[in-house]
Structure formats: C-alpha cells, structure tokens
Amino acid sequence: MTDIELIQYINVDLSRLLKLLIEINLKFKSLKKNTHYILLGNVEKAIWNWIEAYPNEFLELQTGKPNDELCDCCDKLFEQLDVYAENNNKRKSYVWSIQIMLLLLCPKILEEIVNAEAGAPFSQKHIRKRNFIDSVKKALIPHSSSKQLTEAAAVTCVKLCKASTYINNKDSNNFLFKLVNSVMTDLKLLLFHSKPFIRNPSNITHDVELMIECFVSIFRITPHGNNEALKVRHFQFWNKTYMCIFFRLTRFA
C-alpha cells in the first residue's frame, strides 16, 4: 500500500508516465481487490502531476503530436477498466474519472468519438469508449441515473473541463472543446443551479473544492462570455471563507 501511495508524488515526464501505465496494465489483474481503488486514485494524481509539471507535453499531445505507444497503452488500460467496472455502479464511480484522463491521452480516438456525433466515420473497436462518453453525459442529468453515477459524472466532467484549460481557448475548433461544450450546460445546472452538490454531508470540503475547480475552469474557457455559473442560487451554502477563495480564484484565473 505504501508503494502505491507514493505514486502520487512521482515527478513523471511523458516517458516515465508511459512506463508507469505499462506496468499498471500488466499488473492490474493480479492485484488484490482492496488495492484497485487506491491504485487508480494515485495514478490519476500522477497524470495530473504530469499535466501540471509538463503542460507543453500535454499540449503537443493534443495539437498534432500524438504518441502512438502511449495511446495504445491507455487504450488497453481503458478497456481493462471498463470490463472491470461493467454492471457495477460502485466500480464505475471510481474508474470514470481516470477513464476520461486515459481518453485524453488518446487524442485521435477521442477526436473520432467526438466527430462521430456529427456523422463522421466511426470504428466499432472504440464502441466501449463511445458508450462511456454517452453514459457520463446521461448520468449528468439528475434522476436519469443513480445518484452514485450522477456524482461520478460530475467529477468526471469537471476533470475534463480542467484538462481543456491547458489548451489555447482560442482554438475553438479543437475537438476537446466540442466535447466540453456538449456537457457544460448540464454540468453547470447540476453544480450551480440546483440544491447544493453534496456527496458526504459530514465533509463538504471536497465538494466545495470541486465547484470552485469547475467554476475556474469554465471561466478560463470562456473568460469574456456571459458566465451563467455566476448566477448560483445557493450562495448561502458557503461560508465567507469559501466565498473569498471562490472569487479570488476567478479573479486571477
């Protein structure tokens, strides 16, 4: 467990990240069940560490310099996780956020899925990935899915929005922004225009941080737009400390 926890602190560039994902691909099935969730959470943190420490590598990956070996590895790990979580909502709630990160590392595949919405050719070998995107979109709408999956979809889409902020927001034709735009309305309705988004009443800190992360991401994507996220109906939900953090982040985003 200690070794797995240390993964989140590794300084990985693209080549080291690839080695890490290859190793996980090989060993995932042989691990004990109680280590799966811990492993996936720490691997996701490692991916974010890479994006934040080496944003140029992530940008190059998204804008014309895909890494075929990385894509192949992430493709296989995505499929493995999809089978692992099949017909199990609890597992889906754990794997969805890392699955979207794995798809972001396969820009060609993700672009094909996004373009298929407009009628472009689509390979059936990516049907699981397309179904995943459709399931996340559907789960964003309350009462259309289980509460557990709705919460997982919210987290997944916030991660997607955050990742898109590492790409130039003037590149409006980028497929990633098309995907973000397809979920943004429902995401804002879920987080900002309904009752407070609370997963665990005894610890609301993570949910407040999620809302802040979402707001800042939306602000960075459309800094000059008419930002509906400002028109939240439950400002009284946050205390003054959180409100100060909220507006400070948006001010300097």
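Above this text you will find the structure in question.
Residues numbered from 1 in each chain as written. Predicted model: local features only at pLDDT ≥ 70, side-chain atom pairs only at ≥ 80, totals over all residues. Heavy atoms only, no water.

J.: I'd like a rundown of empty space enclosed by the protein, residues and numbers included.
T.: The tally for this structure, following the rule as stated, stands at one cavity of 30 Å³ or more. Looking at the largest cavity, its volume works out to about 60 Å³. Residue lining of the largest cavity: Ile100, Ile133, Val136, Lys137, Thr156, Cys157, Leu160, Leu179 and Val183, and that is the complete set. Listing elements by their share of the lining of the largest cavity, those giving two or more residues are α8 (127–139), α9 (147–164) and α10 (175–192). For the lining of the largest cavity, the class distribution of residues is seven nonpolar, one polar and one charged. (1 Å grid on protein atoms, 1.4 Å probe; cavity = no way out; pocket = protein on both sides within 12 Å on 5 of 7 lines; lining within 4 Å. Points joined across faces, edges and corners; volume = space filled by probe spheres on them. Helix = DSSP H or I, 4+ residues; strand = E, 2+ residues; numbered from the N terminus. Nonpolar A, V, L, I, M, F, W, Y, C, P; charged D, E, K, R; others polar.)

J.: Account for unusual backbone geometry, with residues named and values stated.
T.: Positive phi, close to 60 degrees, is recorded for Asn87, a residue that is not glycine. Tracing the chain through its elements places Asn87 in the loop between α5 (68–85) and α6 (89–104). According to the relative accessible area criterion, Asn87 is exposed, its value standing at 75%. (Buried < 20%, exposed > 50% of the residue type's maximum accessible area, 1.4 Å probe, protein only.)

J.: An account of the layout of surface pockets is requested, with residue identities and associated values reported.
T.: There is about 1,000 Å³ of room inside the largest pocket. Forming the boundary of the largest pocket are 25 residues, of which Ser97, Val155, Lys159, Arg199 and His206 lie nearest the centre. Going through the elements one at a time, α3 (33–53), α6, α9 and α11 (205–221) are the ones with two or more residues in the lining of the largest pocket. Here the element with the most residues in the lining of the largest pocket is α3; it accounts for eight residues. For the lining of the largest pocket, the residue count by class is seven nonpolar, eight polar and 10 charged.

J.: Any chance you could break down the packing of α8 against α9 for me, citing the residues and the numbers?
T.: Contact geometry of α8 with α9 gives a least axis separation of 8 Å together with a crossing angle of 110 degrees. Of the possible angle classes, the one that applies to α8 and α9 is roughly perpendicular. Both α8 and α9 take part in a crossing whose hand is left-handed. When α8 is examined against α9, the residues Phe132, Val136 and Ala139 are found in contact with a partner set consisting of Leu149, Thr150, Ala153, Thr156 and Cys157. (Axes fitted to C-alpha atoms, helices over the stretch in contact; angles between N-to-C directions. Parallel < 35°, antiparallel > 145°, perpendicular 65-115°, else oblique. Left-handed = near helix turned anticlockwise from the far one by under 90°. Contact = heavy atoms within 4.5 Å.)

J.: How would you summarise the packing of aromatic side chains if you had to cite specific residues and measurements?
T.: This model, assessed by the stated rule, comprises six aromatic pairs. Relative to Phe58, the ring of Trp50 has its centre 5.9 Å away and its plane inclined at 80 degrees; by these criteria the two rings are edge-to-face. The exposure class of Phe58 is buried, given its relative accessible area of 0%. Each ring, one from Trp96 and one from Phe132, has its centre 6.1 Å from the other, and the planes form 80 degrees; the classification is edge-to-face. Taken as a pair, Trp96 in helix α6 and Phe132 in helix α8 lie far apart in primary sequence, 36 residues in all. A single burial state applies to Trp96 and to Phe132, both of which are buried. Aromatic rings pair up to connect Trp50, Phe58 and Tyr166 into one cluster. Lying over the aromatic face of Phe122, Arg130 brings its terminal NZ or CZ to 4.9 Å of the ring centre. (Phe/Tyr/Trp six-rings, centres within 6.5 Å; stacked < 30°, edge-to-face > 60°. Lys NZ or Arg CZ within 6 Å of the ring centre and 35° of its normal.)

J.: Run through the state of the cysteines, naming residues and quoting values.
T.: The bond known as a disulfide is covalent and runs between the sulfur atoms of two cysteines. Under the definition given, this model contains zero disulfides. Here Cys161 is not disulfide-linked; the sulfur of Cys214 is the nearest cysteine sulfur, at 5.6 Å. The class of Cys161 is buried, set by a relative accessible area of 0%. Accessibility expressed as a relative area gives 0% for Cys214, which makes it buried. (Disulfide = S-S within 2.5 Å.)

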